[in-house]
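Structural overview
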Amino acid sequence: MGIRDRLTRLLAEAPADAEAIEHHGDWWTWGQVQEIARTVVDALDAAGLRTGARVGLVLENRPEHVAVVAAVIASGRCLVMLSPLQPAARLAADIDRSAPPVVVSGPEPLAREGVLAAMTAHGAALALDTDGALRPAGGTAPADAPANPGVAVEMLTSGTTGPPKRVHLRIGQLDQALVSGGQTPKSGRLLSRSASLVASPLVHIGGLWRALACLATGRRMLLLPKFAVEPWASSVERHRLRATSLVPAAIRAVLDADVPKERLASLEVVTSGTAPCPPELADAFHRTYGIPVLMTYGATEFAGAVAGWTLPLHERWWERKAGSAGRAFPGVDLRVTGEDGVELPVGTTGRLEVRTEQSPGGARAWVRTSDLARLDADRFVWIEGRADDAIIRGGFKVQPETVKRVLETHPAVREAAVAGLPDPRLGEVPVAAVVAEPGRTAPTTAELIELCRTRLTPYEVPSHIVVLDALPRTPSSKVSRVELLELVRARLALAEPERVKEDLR
């Protein structure tokens, strides 16, 4: 049974008094979820939006929004996901570009300047109150609105390296992603008393996949507005969770908070995706809590993970393969190719390609990713960086990951990030930001530059390095290189008057 049929059955047959979603300590029942879903479908029917019609949703981590997601996908329509995490102007521009004929939104995004106008410029706006009530907020859905048949979800990538792109996910991609991740109901059971934690933004693939996994398996959903250590630890402790997922930044936050081991005693495994998890961070978590961290690799375009670690793999291979992203999941093929598209030998770094039913082109098409990787003789995949992150400095190629690793060898550097800053003479130059280890004296720029000069070729040495309290991140907890460049530019602008003073002396 695919996710569309599964959602249809849940919305029709789940007992009305059964617990569905915990949020801020309160339980929403399946009866409440079903009532909102019926209201949404009735409103879309009344607007003339049939199967395949595009429905926008400014998607927040709230139970009533999960009900809208379920209603739209179950009814065969296309969910156009809009991020409330964007500033008002960017959200309005995204709505204008995507132009769904109906947009559903909670009260807070609707109140932002320009957002309601963008919604009603192309269609109708529906206000979804926090109690689940749905009411017209303006505009009219066009009678001839174009549909997107065969597409279940239109969603944004995380925007780590530039403007986010909108990706179209077929219903078959969602189905296969859930199957590959082992998220299928047992023995046809409709509901389960077990629970799963969803702390990532629903508007990104990590959060959406975890929410759909709860629905696909009938588990109760523990929905956090966003990740924070105490609510996360409380959910694990109260519900005796056996598995959960943490991005690397969240793993580090749990370790920094020194959460008592007994509070996490029920956990048997933590999975980690979204960004590469350093093996030393995974080992530190394992040493502290006795809980293995299983890395995964995936992308929005694949509707989730396509490779990763399992517990049996961890037990057998971790000491030899720590740092790899694991092996391809069942139904997934991986290969590494050169720039000419020819497959490269084992152990050679090139562009990673993926073939799976989870890809936009289906199970027969090889999809070329932007990731540089190598496959070893045991078919473990090692991510070496991103091809589209390469900085071309005067004709020389600089891999940010290479520079980042050198900076992080400094004993006072906890984490580093590198990006390309436009330069009128060289095209781009690498710049970097670092965060100091707690309790250590922050390194000076001169120290870091000297370290890079001893470990890197001259063209790889960053032109500017800044020390920050924290690295800027996207909502999915990846380092935002866009914001990083803004911070570096700001620091350079502040330093410019001092340079002028020096020149005048």
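Everything discussed here concerns the structure shown above.
Predicted model, so just to flag it, every value in this text is computed and none were measured.

What counts as what
- Residues numbered from 1 in each chain as written.
- Predicted model: local features only at pLDDT ≥ 70, side-chain atom pairs only at ≥ 80, totals over all residues.
- Heavy atoms only, no water.
- Helix = DSSP H or I, 4+ residues; strand = E, 2+ residues; numbered from the N terminus.
- Buried < 20%, exposed > 50% of the residue type's maximum accessible area, 1.4 Å probe, protein only.
- Contact = heavy atoms within 4.5 Å.
- Areas by Shrake-Rupley, 256 points an atom, 1.4 Å probe, with all protein chains shown as cover.
- Lys, Arg positive; Asp, Glu negative; His and termini not counted.
- Charge placed at Lys NZ, Arg CZ, Asp CG, Glu CD.
- Salt bridge = Lys/Arg side-chain N within 4 Å of Asp/Glu carboxyl O.
- Core = buried A, V, L, I, M, F, W, Y, C linked by side-chain atoms within 4.5 Å.
- Arc of directions from axis to C-beta.

Examining the overall build of the chain
- Scanning the chain from N- to C-terminus turns up 15 helices and 25 strands.
- Each principal axis of the C-alpha atoms in the chain carries an extent, and together these give about 70 × 55 × 50 Å.
- Here the chain holds 505 residues, and 51% of them are scored as buried.
- Taking as baseline every contact in the chain between residues at least 6 positions apart, the subset at least 24 positions apart corresponds to 60%.
- With an accessible surface of roughly 22,200 Å², the chain has 52% of that area assigned to carbon and sulfur atoms.
- Looking at charge distribution, the chain has the averaged site of its 58 positive side-chain charges lying 3 Å from that of its 59 negative ones.

Considerations on the pattern of salt bridges
- In this structure the tally under the stated criterion is 31 salt bridges.
- For Arg 166, the salt bridge goes to Asp 94, with nearest N and O atoms at 2.9 Å. Placement of Arg 166 in strand β9 (residues 166–170) and of Asp 94 in helix α4 (residues 88–98) is noted, with a sequence separation of 72 residues between them.
- Looking at Asp 94, the relative accessible area reads 3%, which means it is buried.
- Arg 242 is the salt-bridge partner of Glu 268, the closest N and O atoms lying 3.2 Å from each other. Placement of Glu 268 in the loop between α10 (248–256) and β13 (269–272) and of Arg 242 in the loop between α9 (229–239) and β12 (243–245) is noted, with a sequence separation of 26 residues between them.
- Judged by its relative accessible area of 56%, Arg 242 is exposed.

A few points about the nonpolar core
- If you look at the biggest cluster of nonpolar residues, it comprises 62 residues, and the most contacted ones within it are Trp 30, Val 153, Leu 174 and Met 221.
- In contact with Leu 174, other than residues within four places in its own chain, are Ile 3, Ala 152, Val 153, Leu 169, Leu 212 and Ala 303.
- Listed in part, the 35 residues of the second largest apolar core include Cys 277, Leu 281, Ala 282 and Phe 380.

Side note on unusual backbone geometry
- Phi is positive for Arg 240, which is not a glycine, with a value near 50°.
- Residue placement: Arg 240 occurs in the loop between α9 and β12.
- With phi around 55°, Asp 258 is a residue other than glycine that occupies positive phi space.
- As for its placement among the helices and strands, Asp 258 is situated in the loop between α10 and β13.
- For Asp 258, a relative accessible area of 59% gives the class exposed.

So, helix α12 (residues 311–321)
- What α12 keeps buried is the set Leu 313, His 314, Trp 317, Trp 318 and Lys 321. All buried residues of α12 project into a common sector of 140° when viewed along the axis, lining one side. Exposed side of α12, more than 90 degrees from the buried face: Pro 312, Glu 315, Arg 316, Glu 319 and Arg 320 are the residues found there.
- At its buried positions, α12 is contacted by α11 (279–289), β14 (293–299), β15 (304–308), β16 (327–328) and β20 (381–386).
- Looking at the residues trailing α12, positive phi occurs at Gly 323, about 105°.

Concerning helix α7 (residues 171–180)
- Buried residues of α7: Ile 171, Gln 173, Leu 174, Ala 177, Leu 178 and Ser 180, and no others.
- Next to the buried residues of α7 lie α1 (3–13), α3 (63–74), β8 (151–156), β9 and α8 (205–217).

Details of the side chain of Arg 6
- Residue position: Arg 6 is located in helix α1.
- Despite its burial, Arg 6 pairs with no opposite charge; the closest candidate is Glu 13, at 8.1 Å N-O.
- Setting aside residues no more than four positions away along its own chain, Arg 6 makes contact with Met 1, Pro 185, Arg 189, Leu 190, Leu 191, Leu 215, Ala 216, Thr 217 and Gly 218.

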